[in-house]
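If you want the building blocks of each chain, they are given just below.
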Amino acid sequence: MATGELTAGEYIKHHLTNLTFGRFPDGTWGWARDAADAQAMGFWAFHVDSLAWSVGLGLVFLWLFRRVARRATAGVPGGAQNFIEWIVEFIDANVRGSFSARNDLVAPLSLTIFVWIFLMNLMDLVPVDWIPQLAHALGVPYMKIVPSTDPNITFGMAFVVFGLMLYYSIKIKGLGGFVGELAFQPFGRLGAPINLVLEGVALISKPVSLALRLFGNMYAGETIFILIALMYSAGWVLGVFGGFLQLGWAIFHVLIITLQAFIFMVLTIVYLDMAHQEHH
Amino acid sequence: MNLNATLIGQSITFLVFVWFCMKYIWPPLMRALEERRRNIADGLAAAERGRHEQELAAKRAAEVIHEAREQAAEIVARAERRAAEIVEEAKAEARAEGERILAAARGEIEQELNRAREELRRQVAALAVAGAERILEREVDERAHAKLLDELVAQL
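Now for a look at the structure at hand. (Residues numbered from 1 in each chain as written. Chains lettered and ligands numbered in written order. Predicted model: local features only at pLDDT ≥ 70, side-chain atom pairs only at ≥ 80, totals over all residues. Heavy atoms only, no water.)

## A short note on the interface of chain B and chain A
Contacts between the two partners involve 31 residues from chain B, matched on the other side by 54 residues from chain A. Of the roughly 3,600 Å² buried where chain B meets chain A, counting both sides, 76% is carbon and sulfur surface. With a closest N to O distance of 2.8 Å, E85(A) and R36(B) form a salt bridge. Viewed at the interface, chain A and chain B are joined by 14 residue pairs in polar contact (both at pLDDT 80 or more). (Contact = heavy atoms within 4.5 Å. Buried area = accessible area lost by both parts, 1.4 Å probe. Salt bridge = Lys/Arg side-chain N within 4 Å of Asp/Glu carboxyl O. Polar contact = N/O pair within 3.5 Å; in protein donor to acceptor, adjacent residues only side chain to side chain.)

Right under this line is the structure:
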């Protein structure tokens, strides 16, 4: 538990609150002191912890892969190169399997999504109190270290994917073709209004489901970790039991975090493939 | 769950990361992979070619050995034939030589015999003359009786 005087509810709330910097209703910028402050800031607020961890992990990914890519040889690969190549070939095989058009963007996009989301999810396996406690000791009141439990992060990525879908749909099929696809399917020209509603919902649901799936899974997983961590303050019997629970959940979570990263990537590939395909 | 400007920050970061990955990470890795794939394919093809060439060489070597063996056998046969010929020739030559030597010896013997006969004749004639001289107690004029003596010699 974080501190002795917190109740269980406060503990959970504390763990689920972001470190927020934003514009107060009175127009001044500053750090939010609690969740109510952050709520009051409305849209113009930044979850500094989410962003910092997300960017930091992204940089770790880029640094690691760039380091290998710069020295990549066609000869016998070393350990690091072998590992990176294994990931790259895995992504490449998935892109080739699901994406039929030619687009040089999709494979690097998939690689970025998979590794970055995986790294963000991986932070979930760090015991929930370690880094927030450290931050607390350094005077930082809130520290959420799993960026993918922040809907802003998942929506941020999903909207980029959505933007790419729209961009390529219009680029490949033309604005008319794209609107036609929305309006004249599945019921033909006469059912245009119904078609628009149906296809519009289908279209909008893609990024929303993409973002919410990742967010929901990670948020739920994180919440369970927090609940398990609560047991450590409830005597040594429950504490030991909680230890085993945490271990079990963490092992299961290894599967979840990989799977969620993979699903986000595969769905992105599929959506972009659909954007590239012309229906007649 | 409050959506705010974090979303924009994440979107921009995402785009920048994807751009970086697309520009600086993906191409060199794919190039290395592609190049290695090509190298391996080339290596396998070269190995296949080498094996094929090796087979051809083995076949050719067998042919050469076979040919050499045949030639050797032919040479040996020819040499044997030649040797037999030489022996035959030598035999014939030796026979001829022997005959020649024999003939020469015979000729010589004949000559020797004739010479001896002549000598004997001459001595017998001289003996006869001496005998006759002694019988007649007078000298026989050799010149006068040359014709008689020659007749005598011829009769011997």
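Following the structure, the description resumes.
## Some words on the packing of aromatic side chains
When we look at a pair of aromatic rings, we describe it by the centre distance and by the angle of the planes. All names here are of chain A. In the structure shown here, the tally under the stated rule is 16 aromatic pairs over all chains. Taken together, a centroid distance of 5.9 Å and an interplanar angle of 40 degrees make the contact between F83 and W86 tilted. One end of the pair is F83 and the other is W86, both in helix 4 (residues 79-98) and 3 residues apart, which spans about a single turn. For W86, a relative accessible area of 59% corresponds to the exposed category. When the ring of F155 is compared with that of F159, the centres are 5.5 Å apart and the planes differ by 45 degrees; the resulting orientation is tilted. (Phe/Tyr/Trp six-rings, centres within 6.5 Å; stacked < 30°, edge-to-face > 60°. Helix = DSSP H or I, 4+ residues; strand = E, 2+ residues; numbered from the N terminus. Buried < 20%, exposed > 50% of the residue type's maximum accessible area, 1.4 Å probe, protein only.)

## Observations regarding the sheet that holds strand 1 (residues 20-23) of chain A
Residue and element names in this part refer to chain A. Overall, antiparallel pairing links the 3 strands, which are arranged 2-1-3 in an open sheet. What marks the edges here is a single partner per strand, and that holds for strand 2 (29-31) and strand 3 (45-47). Between one strand axis and the next, the sheet turns by 15 degrees as a mean value, whatever way the strands run. Direction of pairing for strand 1 relative to strand 3: antiparallel, over a ladder of 3 bridges. Its bridge partner being in strand 3, T20 is matched across the sheet by H47. Along the sheet, helix 3 (residues 48-70) makes contact with strand 1, strand 2 and strand 3, crossing strand 3 at roughly 50 degrees. (Pairing = 2+ DSSP bridges. Axes fitted to C-alpha atoms, helices over the stretch in contact; angles between N-to-C directions.)

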